[in-house]
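Descriptive structure summary
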Amino acid sequence: MTLRDEDEKPLDPVTERLRKKMVRLLATAIGIMLVGVMAVLGAIVYKTSRPATPTPRAEIALNLPAGAVIEGMALDGDRALLRLTVNGAEELRLVSLADGSLITRVHVQAAAPK
């Protein structure tokens, strides 16, 4: 019956120095990894804890005829489709939200009864 402690021989001095260097290298690598993980977690906490600042938007002036009433609106990216009633007639206007310019105007007319 042999014990494991009796089977192990002490390391020679060269191997022992190499083992100590490897342990130091491992400890250094673990330390660098911990610092990196802490930096990433700190950046995540910093980004999520700051209140979001709204981006400034430009004011746009739309030139609508006098007496025009906006009946409905639909947005698509940087464009808006306005459904207007102008002097009893229905009209669709596609405008750019970037600068307020008119892209397209469509006059809607009721079909004549048959």
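Just so you know, these numbers come straight off a predicted model, no measurement behind them. (Residues numbered from 1 in each chain as written. Predicted model: local features only at pLDDT ≥ 70, side-chain atom pairs only at ≥ 80, totals over all residues. Heavy atoms only, no water.)

Some details on the side chain of serine 96
Definition in use: Where helices and strands are cited, they refer to DSSP runs of H or I of at least four residues and of E of at least two residues respectively, numbered from the N terminus. Two N or O atoms form a polar contact when they lie within 3.5 Å of each other; inside protein one atom must be a possible hydrogen donor and the other a possible acceptor, and for residues adjacent in sequence the pair counts only when both atoms belong to side chains. Residue contacts follow a heavy-atom distance rule, with two residues in contact if any of their heavy atoms lie within 4.5 Å.
Topologically, serine 96 is positioned in strand E3 (residues 89-96). Within the local environment of serine 96, its side chain forms a polar contact with the backbone nitrogen of alanine 98, the two atoms lying 3.3 Å apart. When neighbours within four sequence positions are excluded, serine 96 is seen to be in contact with Asp78, Ser101 and Ile103.

As for the pairing of E3
Residues in a regular strand project their side chains so that they alternate between the two faces of the sheet. Put simply, the rule reads: Paired strands, as defined in this entry, are two strands with at least two bridges between them according to DSSP.
Pairing of strand E2 (residues 79-86) with E3 involves 8 bridges; the strand directions are antiparallel. Counterpart to arginine 79 in the pairing with E3 is serine 96. A loop of 2 residues connects E2 with E3, the two strands running antiparallel in sequence, and asparagine 87 in this loop sits at a positive phi of about 50 degrees. As judged from the 6 bridges shared by E3 and strand E4 (residues 102-108), these two strands associate in the antiparallel manner. Note that in E4 the partner of leucine 92 across the bridge is valine 106. Here E3 folds back onto E4 in antiparallel fashion, the turn holding 5 residues, of which glycine 100 has a positive phi close to 80 degrees.

Considering the nonpolar core
Operational definition: As used in this record, nonpolar core signifies buried Ala, Val, Leu, Ile, Met, Phe, Trp, Tyr and Cys residues forming a set joined through side-chain atoms within 4.5 Å. Here the term buried applies to any residue with accessible area under 20% of the maximum for its type, exposed to any over 50%, and partly exposed to those in between, with areas from a 1.4 Å probe on protein chains only.
In this structure, Ala80, Leu82, Leu84, Val86 and Val95 together form the largest nonpolar core, which totals 5 residues. The element that contributes the greatest number of residues to this core is E2, accounting for 4 residues. Apart from the residues lying within four places of it in its own chain, the contact partners of alanine 80 are Ala74, Leu75, Arg93, Leu94, Val95 and Leu97.

Structural notes on a positive patch on the surface
Note the cut-off: Distance thresholds for patches are 9 Å for like charges and 5 Å for nonpolar side chains (Val, Leu, Ile, Met, Phe, Trp, Tyr), applied to residues having over 30% relative accessible area and no salt bridge. Note on areas: these come from Shrake-Rupley sampling with a 1.4 Å probe, and a residue is covered only by the protein chains present in the view. Should a side-chain nitrogen of Lys or Arg be within 4 Å of a carboxyl oxygen of Asp or Glu, the pair is scored as a salt bridge. In this tally, Asp and Glu contribute negative charge and Lys and Arg positive charge; neither His nor the terminal groups of the chain are included. By convention, the point assigned to a charge is CZ for Arg, NZ for Lys, CD for Glu and CG for Asp.
Together, Arg17, Lys20, Lys21 and Arg24 line one region of the surface with positive charge. Position of arginine 17 relative to the elements: it lies in helix H2 (residues 13-49). Taking the relative accessible area as the measure of exposure, arginine 17 reaches 51% and is therefore exposed.

A look at the confidence of the model for the chain
Where we set the bar: Every residue carries a pLDDT, the predictor's confidence in it, which falls somewhere between 0 and 100.
Across the chain, pLDDT averages 86, with 91% of residues at or above 70. Element-level pLDDT for the chain is lowest in helix H1 (residues 4-7), with a mean of 65, against a maximum mean of 95 in H2.

Structural notes on the sheet that holds E3
Adjacent strands of a sheet pair through backbone hydrogen bonds, lying either parallel or antiparallel. For the record, the criterion: Note on geometry: axes are C-alpha line fits, over the in-contact stretch for helices, and angles between N-to-C directions span 0 to 180 degrees.
Pairing is antiparallel in the open sheet, where 4 strands are placed in the order E1-E2-E3-E4. Sheet topology places strand E1 (69-76) and E4 at the edges, where each strand pairs with a single neighbour. For this sheet, the mean angle separating the axes of adjacent strands, direction not counted, is 15 degrees. Here E1 runs beside E2; their pairing, made up of 7 bridges, is antiparallel. Of the residues in E2, the one forming a bridge with alanine 74 is leucine 81.

Remarks on the environment of leucine 92
Of note, leucine 92 is situated in strand E3. For the pair leucine 92 and glycine 72, spaced 20 residues apart in the sequence, the C-alpha separation amounts to 9.6 Å. In contact with leucine 92, not counting residues within four places along its chain, are Leu81, Leu82, Arg83, Thr104, Arg105, Val106 and Val108.

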